[in-house]
Amino acid sequence: MTTVERPFDPADQLGHPLDHAPWASLTGAHAYLAEGTQHALRYPPDVSPFVAVEPSPGPQAWRDLAELAGPGATVALSGDADLFASVPADWEFEMRGEGVQLVATPALQTAPDSEAVRLGEADVPEMLDLVARTQPGPFLPRTYLLGTYLGIRRGGALVAMAGERLHPPGWTEISAVCTDPAFRRQGLAGRLVSAVAHGIRERGETPLLHAAASNVGAIRLYQAMGFELRRRTEFAALRVPGPAPE
């Protein structure tokens with residue numbers, strides 16, 4: 001497998017880039033991180049578990065993804081029902097769920113936050129600890145490379161954070177929104193979402209979010225802030241055919 005570094009081509013998308021957000025990100029702003037072929041791509045395993053196949057994938061895309069991930073590996077995939085209908089029969093669904101994609105409207109009020117600090121490599125142990133305790137979604141040792149991550153500290157300890165993940169052309173996803181249980185109901189998550197969104201808009205881009213459809217509390221918060229539902233999605237953990245490596 002070769003590392004793919006090429007600019008985003010709208011002709012690749014067969015529609016809106018948010019309809020294929022991981023693919024649009026890996027062939028766009030995150031192309032420098034992409035590993036794979038013209039049919040299947042992934043982030044480095046210590047950056048993100050997400051993989052992507054080309055829009056309307058054929059058998060070659062799944063063969064390439066299987067080789068890229070390796071026999072028995074588990075990969076994270078998100079998309080619509082048509083994408084999952086194309087998954088070969090010998091791939092195993094270890095988990096499958098419904099999600100929502102939300103996009104910012106003009107009603108979203110954004111602003112920097114004087115208490116928010118930029119997080120980086122030195123903060124990774126605390127970021128991983130906070131994620132382990134709050135479970136906002138996948139976050140790995142080099143996930144911070146995907147974009148700007150902001151945090152709020154109390155007594156020197158990281159108690160809340162939010163940052164940027166997928167980066168389709170013209171858009172940036174806000175992700176890893178989490179707050180230590182002892183500091184919830186203080187509005188910290190909303191403040192950080194607003195601050196991260198402010199930076200996104202300063203670049204001339206539009207914020208977006210993904211959430212599990214079952215996470216009604218978070219969805220309600222985001223809608224109250226000024227996000228609206230764009231589409232429903234699916235996400236899954238898929239096991240590549242073959243024996244797992246020992």
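My aim in this report is to walk through the structure given alongside it, one point at a time. (Residues numbered from 1 in each chain as written. Predicted model: local features only at pLDDT ≥ 70, side-chain atom pairs only at ≥ 80, totals over all residues. Heavy atoms only, no water.)

### Comments concerning the sheet that holds strand E9 (residues 171-179)
1) Next: In space, the eight strands of this open sheet follow the order E4-E11-E5-E10-E9-E8-E7-E6, with mixed pairing throughout. One side of each edge strand has no neighbouring strand; the edge strands of this open sheet are strand E4 (74-79) and strand E6 (117-119). Ignoring which end each strand starts from, the neighbouring axes of this sheet average 30° apart. (Pairing = 2+ DSSP bridges. Helix = DSSP H or I, 4+ residues; strand = E, 2+ residues; numbered from the N terminus. Axes fitted to C-alpha atoms, helices over the stretch in contact; angles between N-to-C directions.)

### Describing the pattern of salt bridges
1) Next: Here the structure, examined in full by the defined rule, presents 16 salt bridges.
2) Next: For Arg 191, the salt bridge is made with Asp 113, and the minimal N-O distance between the two is 2.7 Å. On the criterion of sequence distance, the pair formed by Arg 191 in helix H5 (residues 188-202) and Asp 113 in the loop between strand E5 (92-104) and E6 is long-range, its members being 78 residues apart.
3) Next: The exposure class of Arg 191 is partly exposed, given its relative accessible area of 27%.
4) Next: The residue Glu 126 makes a salt bridge to Arg 153 at a minimum N-O spacing of 2.8 Å. Residue Glu 126 is found in helix H4 (residues 124-134), and its partner Arg 153 is found in strand E7 (residues 149-154); the two are separated by 27 residues along the sequence.
5) Next: When its relative accessible area of 30% is taken as the criterion, Glu 126 is described as partly exposed.
6) Next: Owing to a relative accessible area of 24%, Arg 153 belongs among the partly exposed residues under this scheme.
7) Next: Here the salt bridges do not stand alone but share partners, grouping Asp 19, Asp 80, Arg 230 and Arg 231 into one network. (Salt bridge = Lys/Arg side-chain N within 4 Å of Asp/Glu carboxyl O. Buried < 20%, exposed > 50% of the residue type's maximum accessible area, 1.4 Å probe, protein only.)

### Section: the nonpolar core
1) Next: Counting residues in each nonpolar core, the largest one holds 27 residues, and the members touching the most others are Ile 174, Val 177, Leu 192, Val 193, Tyr 222 and Phe 227.
2) Next: Residue assignment for this core shows that the elements contributing at least two residues are E5, E7, strand E8 (157-164), E9, H5, strand E10 (206-212) and helix H6 (216-225).
3) Next: It is H5 that provides the largest number of residues to this core, a total of eight residues.
4) Next: By size, the runner-up hydrophobic cluster in this structure holds 17 residues, among which are Ala 73, Leu 83, Val 87 and Val 240. (Core = buried A, V, L, I, M, F, W, Y, C linked by side-chain atoms within 4.5 Å.)

### Digging into H4
1) Next: Turning to H4, its buried residues are Val 124, Met 127, Leu 130, Val 131 and Thr 134. Along the axis of H4, the buried positions cluster into a sector of 125°, meaning they face one direction only. H4 presents Pro 125 and Ala 132 as exposed residues on the side facing more than 90 degrees away from its buried surface.
2) Next: The elements touched by buried residues of H4 are E6, E7, E8 and E9.
3) Next: In the stretch just after H4, Gln 135 is the one whose phi turns positive, near 55°. (Arc of directions from axis to C-beta. Contact = heavy atoms within 4.5 Å.)

### Looking at the packing of aromatic side chains
1) Next: Tallied over the full model, the rule gives four aromatic pairs.
2) Next: Aromatic pair Phe 139 and Tyr 149: ring centres 5.5 Å apart, planes at 80°, arrangement edge-to-face. With a gap of ten residues between them, Phe 139 in the loop between H4 and E7 and Tyr 149 in strand E7 connect regions that are remote in the sequence. The pair Phe 139 / Tyr 149 is uniform in exposure class, with both members buried. (Phe/Tyr/Trp six-rings, centres within 6.5 Å; stacked < 30°, edge-to-face > 60°.)

### Re the environment of Gly 36
1) Next: Here Gly 36 lies in strand E1 (residues 35-36).
2) Next: Relative accessible area serves as the criterion here: at 0%, Gly 36 is assigned to the buried category.
3) Next: C-alpha of Gly 36 to C-alpha of Pro 88: the two residues are 52 residues apart in sequence and 19 Å apart in space.

### Notes on the sheet that holds strand E2 (residues 40-42)
1) Next: If you trace the three strands from one edge of the open sheet to the other, you get E1-E2-E3, paired in antiparallel fashion. The open sheet terminates on both sides in strands that have one partner only, identified here as E1 and strand E3 (51-53).
2) Next: When E2 meets E3, the two strands line up antiparallel, connected through three bridges. Looking at E3, one finds that Leu 41 is bridged to Ala 52.
3) Next: Here helix H2 (residues 59-69) sits on the sheet in contact with E1, E2 and E3, set at roughly 30° to E2.

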